[in-house]
Amino acid sequence: MILTVGGPIGSGKTTVASAVAKRFGLRHISAGVIFREMARQRGLSLEDFSKLAESDNSFDQLVDARQKELASGGSAIVDGRLSGRFIDGDIKIWLTAPFELRAQRVAKREEVDISKARADMQKREKSEAARYKKIYNIDIYDLSPYDVVLNTALWSAEGVIEIIKTLIEARL
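Got a minute to help me understand the overall build of the protein in this structure?
The helix and strand tally for the protein stands at eight helices and five strands. Secondary structure of the protein in N-to-C order comes out as β-α-β-α-α-α-β-α-β-α-α-β-α. A compact globule built from 172 residues should have a C-alpha radius of gyration of about 16 Å, and the protein, at 15 Å, falls within 12% of that. When the 172 residues of the protein are sorted by exposure, 44% land in the buried category. Intrachain contacts of the protein at a sequence separation of at least 6 include 75% that bridge at least 24 residues. Carbon and sulfur atoms provide 53% of the accessible area of the protein, an area that totals close to 8700 Å². Of note, the protein has its 27 positive side-chain charges centred 1 Å away from the centre of its 24 negative side-chain charges.

Structure follows, in structure tokens:
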């Protein structure tokens, strides 16, 4: 079984994907981890690497190709903004949450002030939407490729995991 979990920054995709992977014995593949590792290897901050990616499509294409390659072995959950569009998943899930809640989550995770989290998120989301449109002609706000859309503001992480567990069991 292959699951994909997409969603905007701070929606909970990596938290949920990691927990689902552990619970079901799936490999966890994270596009964000791949992107961050590429930035780290170049000695760049995430923001600076995102700016670089705006002028060099190869970085996004490498991330997308790598997650697809890793998922081809099956038995995986892949989290990333575009994973549900590039990976033939058995269940494609999009997580969402209101911007302010996502900013609070990011501020806590990154240990930064909420105003910095908001500003950084707005820049990244604008950059990503423009890049995905330019590279793949994808409207990131079109959720039609996804089987399920969940608002993570309505449930705890454990509640979202239980919903996904039910989806997996129903699919099997």
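Structure's up, so let's keep going.
Explanation requested: the nonpolar core in the structure shown.
In globular proteins that are soluble, nonpolar side chains generally tend to be buried together. Counting 17 residues, the largest nonpolar core has Leu 3, Ile 77 and Ile 164 as the members making the most contacts within it. Elements with a contribution of two residues or more to this core: strand S1 (2-6), helix H1 (13-24), strand S4 (91-96), strand S5 (148-151) and helix H8 (157-171). Sequence-distant contacts of Leu 3, defined by excluding residues within four places in its chain, comprise Leu 26, Ala 76, Ile 77, Val 78, Ile 91, Ile 93, Ile 164 and Ile 168. In terms of nonpolar packing, the next biggest core, distinct from the first, is built from 15 residues, Phe 35, Ala 39, Val 78 and Ile 87 among them.

I would appreciate a short explanation of the pairing of S4 in the present structure.
Working note: regular strand, side chains alternate between the two faces of the sheet. Within S4, five of the six residues are buried, leaving the element largely enclosed by the surrounding structure. Sheet analysis places S1 next to S4, joined by four bridges and oriented parallel. Bridge pairing links Gly 6 to Trp 94 in S4. The pairing of S4 with S5 spans four bridges and is parallel. In the sheet register, Trp 94 faces S5, and the bridge partner there is Val 149.

I'm lost on the sheet that holds strand S2 (residues 27-30) in this one. Help?
Sheet strands pair via backbone hydrogen bonds, and the direction of the pair is either parallel or antiparallel. Taken in spatial order, the five strands line up as S2-S3-S1-S4-S5 in an open sheet, and their pairing is parallel. Strand pairing shows two members of the sheet lacking a second neighbour, S2 and S5, which therefore form its edges. Across the sheet, the axes of successive neighbouring strands diverge by a mean angle of 20°, strand direction being ignored. The sheet contacts of helix H4 (residues 58-71) involve S1, S2 and strand S3 (76-79), and relative to S2 the element is tilted by about 170°. Contacting S1, S4 and S5, H8 runs over the sheet at an angle of about 165° to S4.

Teacher, can you tell me more about the side chain of Glu 128 here?
Position of Glu 128 among the secondary structure elements: in helix H7 (residues 114-136). In this structure the side chain of Glu 128 is engaged in a polar contact, spanning 2.8 Å, whose partner is the side chain of Arg 81. The contact partners of Glu 128, leaving out residues within four places of it in the chain, are Ile 9 and Arg 81.

Would you mind showing me how to read H4 here?
The periodicity of an α-helix, 3.6 residues per turn, causes residues three or four positions apart to be oriented the same way. For H4, built from 14 residues, the straight-helix expectation of 20 Å at 1.5 Å per residue is met to within 8% by its first-to-last C-alpha distance of 20 Å. Every buried residue belonging to H4 is among Phe 59, Asp 60, Val 63, Asp 64, Gln 67 and Ala 71, and all of these are buried. Along H4, the residues classed as buried sweep out an arc of 135° about the axis, all on the same side.

Parameters and conventions
- Residues numbered from 1 in each chain as written.
- Predicted model: local features only at pLDDT ≥ 70, side-chain atom pairs only at ≥ 80, totals over all residues.
- Heavy atoms only, no water.
- Helix = DSSP H or I, 4+ residues; strand = E, 2+ residues; numbered from the N terminus.
- Rg over C-alpha atoms; globule rule 2.2 N^0.38 Å.
- Buried < 20%, exposed > 50% of the residue type's maximum accessible area, 1.4 Å probe, protein only.
- Contact = heavy atoms within 4.5 Å.
- Areas by Shrake-Rupley, 256 points an atom, 1.4 Å probe, with all protein chains shown as cover.
- Lys, Arg positive; Asp, Glu negative; His and termini not counted.
- Charge placed at Lys NZ, Arg CZ, Asp CG, Glu CD.
- Core = buried A, V, L, I, M, F, W, Y, C linked by side-chain atoms within 4.5 Å.
- Pairing = 2+ DSSP bridges.
- Axes fitted to C-alpha atoms, helices over the stretch in contact; angles between N-to-C directions.
- Polar contact = N/O pair within 3.5 Å; in protein donor to acceptor, adjacent residues only side chain to side chain.
- Expected span 1.5 Å × (residues − 1).
- Arc of directions from axis to C-beta.

Coordinates in, geometry out; function isn't part of it.
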